[in-house]
Amino acid sequence: MKIFTRDWYWYYTTNTILAILIGFPIYMIIITSFTITPELSFNLNSMHNEWTFDNYKNIWELKIRSSRTSFNQSFLNSIIVTCGTVILSVIISTLSGYALAILKFPFSELIFILLILPILIPVISLIIPLYKLLRDLNLHDSYIGLILIHTTCMLPVGVFLMRNAFISIPQSLREIAMLEGSSEYEILTKVMFPLALPGVVTVIIFSMYTAWNDYLFSLIFINSPEMQMLNVTLSRLGIRSGNPIFAGYVITYIPFIIFFVFLQRFYIRGITTSAVKE
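Residues numbered from 1 in each chain as written. Predicted model: local features only at pLDDT ≥ 70, side-chain atom pairs only at ≥ 80, totals over all residues. Heavy atoms only, no water.

1. A few points about the overall build of the protein
Piece 1. Regarding its fold elements, the protein presents 12 helices and 0 strands.
Piece 2. Start at the N end of the protein and walk to the C end: the helices and strands fall as α-α-α-α-α-α-α-α-α-α-α-α.
Piece 3. Looking at the protein alone, contacts between residues at least 24 apart form 72% of all its contacts between residues at least 6 apart.
Piece 4. Accessible surface for the protein amounts to roughly 16600 Å². Of this, 69% is attributable to carbon and sulfur atoms. (Helix = DSSP H or I, 4+ residues; strand = E, 2+ residues; numbered from the N terminus. Contact = heavy atoms within 4.5 Å. Areas by Shrake-Rupley, 256 points an atom, 1.4 Å probe, with all protein chains shown as cover.)

This is the structure we're talking about:
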């Protein structure tokens, strides 16, 4: 019996090429972040150059000229906006998903369709209406405004994932809890929510990825230099800042990678659950 067929050969060949194409730029950034030479490390011989951790120390002290924007302040801003987005997205997605999956009320299917339809709308087409809305609500140039924008963009995916996560749970568990006198809130928090944890983790990862890697919304909706997000600050620091800027890029990868590695098994289960049939 042949283990490696022609199909497996093309599968591994294609994925190896893709891995090289994706991984090589990341390799250059990581290697350059540890070197003291002012140019990009385009060749493998850069591994033999003198390595230093000074770039990771200096990046926290970099500031944009004629501005109060700094890497450490932008890092804190990204943490605040990301945490706010994750918390708000999980709460709203869980409550909405539970109501649409479990509670029976008129037009629930129509409401669900209307909630997930924005997935088809390009985000760039909503920039001007969102800008005017935040300006009228006095939420422009604020953490709250940015958190609300990210949460709004995340909700169609979040509601879809959480609804399917709750549908996959046997409804007999809810019926037993109701016979024992549990309220709807107790059923949600003590019975259904723990079983829907893979879906919750998936929503957390999606919302964290969206907020942490934000560039467009921060660039447009935030004017104050001291409130800018991480990616905007890195782009404004630019290549003229030298190799510490590459250390900044690596630092932005670390939180999300660590978070994903520890929760990837829940993430895979959550994605699988979202394909469940009613």
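2. So, the side chain of Ser 207
Piece 1. Of note, Ser 207 is situated in helix H9 (residues 197–212).
Piece 2. For Ser 207, a relative accessible area of 0% translates into the label buried.
Piece 3. Polar contacts involving the side chain of Ser 207 include one to the main-chain carbonyl oxygen of Ile 204, which spans 3.0 Å. (Buried < 20%, exposed > 50% of the residue type's maximum accessible area, 1.4 Å probe, protein only. Polar contact = N/O pair within 3.5 Å; in protein donor to acceptor, adjacent residues only side chain to side chain.)

3. Structural notes on the environment of Phe 260
Piece 1. Within the fold, Phe 260 resides in helix H12 (residues 244–273).
Piece 2. Expressed as a C-alpha distance, the spacing of Phe 260 and Tyr 209, which sit 51 residues apart in the sequence, is 9.9 Å.

4. Here we look at the nonpolar core
Piece 1. One finds Tyr 98, Phe 166 and Met 192 to be the most contacted residues of the largest nonpolar core, which totals 24 residues.
Piece 2. Contributing elements (two or more residues each) for this core: helix H3 (71–101), helix H6 (143–167), helix H8 (184–195), H9 and H12.
Piece 3. Ignoring anything within four residues of it in the chain, the contact list for Phe 166 reads Thr 94, Gly 97, Tyr 98, Ala 101, Ile 102, Gln 171, Leu 188, Met 192, Phe 193 and Ala 196.
Piece 4. Within the second largest apolar cluster, 16 residues are counted, among which are Phe 71, Trp 212, Leu 237 and Val 250. (Core = buried A, V, L, I, M, F, W, Y, C linked by side-chain atoms within 4.5 Å.)

5. Some points on the confidence of the model for the protein
Piece 1. Summary statistics for the protein give a mean pLDDT of 82 and a share of 84% for residues scoring 70 or more.
Piece 2. When the elements of the protein are averaged for pLDDT, H12 gives the smallest value, 75, and H3 the largest, 92. (pLDDT = per-residue confidence, 0-100.)

6. Considerations on unusual backbone geometry
Most peptide bonds adopt trans geometry, and most residues besides glycine take a negative phi value.
Piece 1. At Phe 107, a position not held by glycine, the phi torsion is positive, near 65 degrees.
Piece 2. Along the polypeptide, Phe 107 turns up in the loop between H3 and helix H4 (108–116).
Piece 3. The backbone of Asp 141 shows a phi angle near 65 degrees, a positive value even though the residue is not glycine.
Piece 4. Relative to the elements of secondary structure, Asp 141 occurs in the loop between helix H5 (127–136) and H6.

7. Focus: the packing of H3 against H9
Piece 1. It is at 8 Å that the axes of H3 and H9 come closest, and there the two elements cross at 145 degrees. Helix-helix and strand crossings are classified by hand; for H3 and H9 the assignment is right-handed. For the pair H3 and H9, the contacting residues are Phe 75, Ser 78, Ile 79, Val 81, Thr 82, Thr 85, Val 86, Ser 89, Val 90, Ser 93 and Thr 94 in the first and Val 200, Val 203, Ile 204, Ser 207, Met 208, Ala 211 and Trp 212 in the second.
Piece 2. Grouping the constituent residues of the contact of H3 with H9 by class yields 11 nonpolar, 7 polar and no charged. (Axes fitted to C-alpha atoms, helices over the stretch in contact; angles between N-to-C directions. Left-handed = near helix turned anticlockwise from the far one by under 90°. Nonpolar A, V, L, I, M, F, W, Y, C, P; charged D, E, K, R; others polar.)

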